[in-house]
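The residues making up each chain are set out below.
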Amino acid sequence: MTSSTNENRIEQALLDPLHKANRARENLNKLKKQVKKIFPISLTFCLLWFLANYFYNFGLLYASVTSSVVLSNTSPAWVYILSISCLVPAAFREKFNWVCAAMIVVSMSGFVLIAVEDKNDSTDETEKPILGDALSLLSALSYGFYATYLKIKVPESEEATFKFSYFLGFVGLCNDVLLIPLFFIFNATGFETFEWPDKHTLLLLSINALVGTCISDYCWGKSVILLGPFVTTLGITITFPLSAIFDTVVNGAKFTWLYFLGSILIFAAFGVIMVSEWRRKKRQEEEEKQRLGNIGLRGYDDKSSV
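Report follows, based on the coordinates. Quick caveat: nothing in here was measured; it's all calculated off a predicted structure.

1. Remarks on the packing of helix H5 (residues 129–153) against helix H7 (residues 199–227)
At a minimum axis distance of 9 Å, the contact between H5 and H7 shows a crossing angle of 65 degrees. For the element pair H5 and H7, the recorded crossing hand is right-handed. Residues Tyr 143, Tyr 146, Ala 147, Leu 150 and Lys 151 of H5 touch H7, and the partners they reach there are Trp 220, Gly 221, Val 224 and Ile 225. The residue inventory of the contact of H5 with H7, partitioned by class, reads 7 nonpolar, 1 polar and 1 charged.

2. Concerning a nonpolar patch on the surface
A cluster of nonpolar side chains, contributed by Ile 180, Phe 183, Phe 184, Phe 194, Trp 196, Leu 202 and Leu 205, occupies part of the molecular surface with about 780 Å² of accessible area. Of all the secondary structure elements, the ones that give two or more residues to the nonpolar patch are helix H6 (164–189) and H7. The greatest single-element share of the nonpolar patch, amounting to 3 residues, is contributed by H6. By secondary structure assignment, the location of Leu 205 is in helix H7. Given the relative accessible area of 46%, Leu 205 is considered partly exposed.

3. Details of the side chain of Glu 277
As for its position among the elements, Glu 277 is in helix H10 (residues 257–305). On the basis of relative accessibility, which here comes to 11%, the residue Glu 277 falls in the buried class. At 2.6 Å, the side chain of Glu 277 forms a polar contact with the side chain of Arg 280.

Reading guide: rules and limits
Residues numbered from 1 in each chain as written. Predicted model: local features only at pLDDT ≥ 70, side-chain atom pairs only at ≥ 80, totals over all residues. Heavy atoms only, no water. Axes fitted to C-alpha atoms, helices over the stretch in contact; angles between N-to-C directions. Helix = DSSP H or I, 4+ residues; strand = E, 2+ residues; numbered from the N terminus. Left-handed = near helix turned anticlockwise from the far one by under 90°. Contact = heavy atoms within 4.5 Å. Nonpolar A, V, L, I, M, F, W, Y, C, P; charged D, E, K, R; others polar. Patch = residues over 30% accessible without salt bridge, like charges linked within 9 Å, V, L, I, M, F, W, Y side chains within 5 Å. Areas by Shrake-Rupley, 256 points an atom, 1.4 Å probe, with all protein chains shown as cover. Salt bridge = Lys/Arg side-chain N within 4 Å of Asp/Glu carboxyl O. Buried < 20%, exposed > 50% of the residue type's maximum accessible area, 1.4 Å probe, protein only. Polar contact = N/O pair within 3.5 Å; in protein donor to acceptor, adjacent residues only side chain to side chain.

Okay, here's the thing in structure tokens:
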């Protein structure tokens, strides 16, 4: 008995390294497959993401407050236009919905009211307003492209298995490798002069990178997959009135009725879309249950007839 037990222990000791090696090899192959799938998505996403952010920040130099607020928040409209256009594969293409179209108009009306209020309080004048407006529109359009692109490449069925941490990590890696050289090129040509930030600014940039970029982009990416780019983008627009509420509570800022009316319209548009999306999802689930029930009933009838 003791001899048999010892033999089993020796055999187990010899097999354990082999099992561990096989598991390690399987994990490595799985990692290679994930990297092979995720890296090209991150690379394309990185370029579109950079264009959206660069156009927006560059446009702030030339666009007025009014046009910047309105045009940069046309992104829900661009996302929706792209989602129903022939540029999107038929399997991911949305059908035209009057409710969505109407809520885009309502949301945009809210931003127009806010922009009018900002214009009344602002004295800024720009030398190249057309260039600023064009850059703001290009920023919104670039956002529409990369939000729709992510939804196409990562459908809802793959949300549980898609590694968003890898995705964002590769986006950062692509930014470092492809975009950091632009610092030196722009500085050498005088297009943009680079200055190292002071400690206070560097701390604020680091906090913003963690909270405003890493965490928020992770939540944004998950939301795009689960809710779709249109609902997610329309949800992002409520950050504008939320910041006004925060400014009122914390800093005691005062806004006119136009500002609050515009904020109400933005919130209302998002609320209506959320309710509409919830009803659509519920209707799809009921139809799927009914379809599965019919299949089961048909199978039962077939067995009974036999």
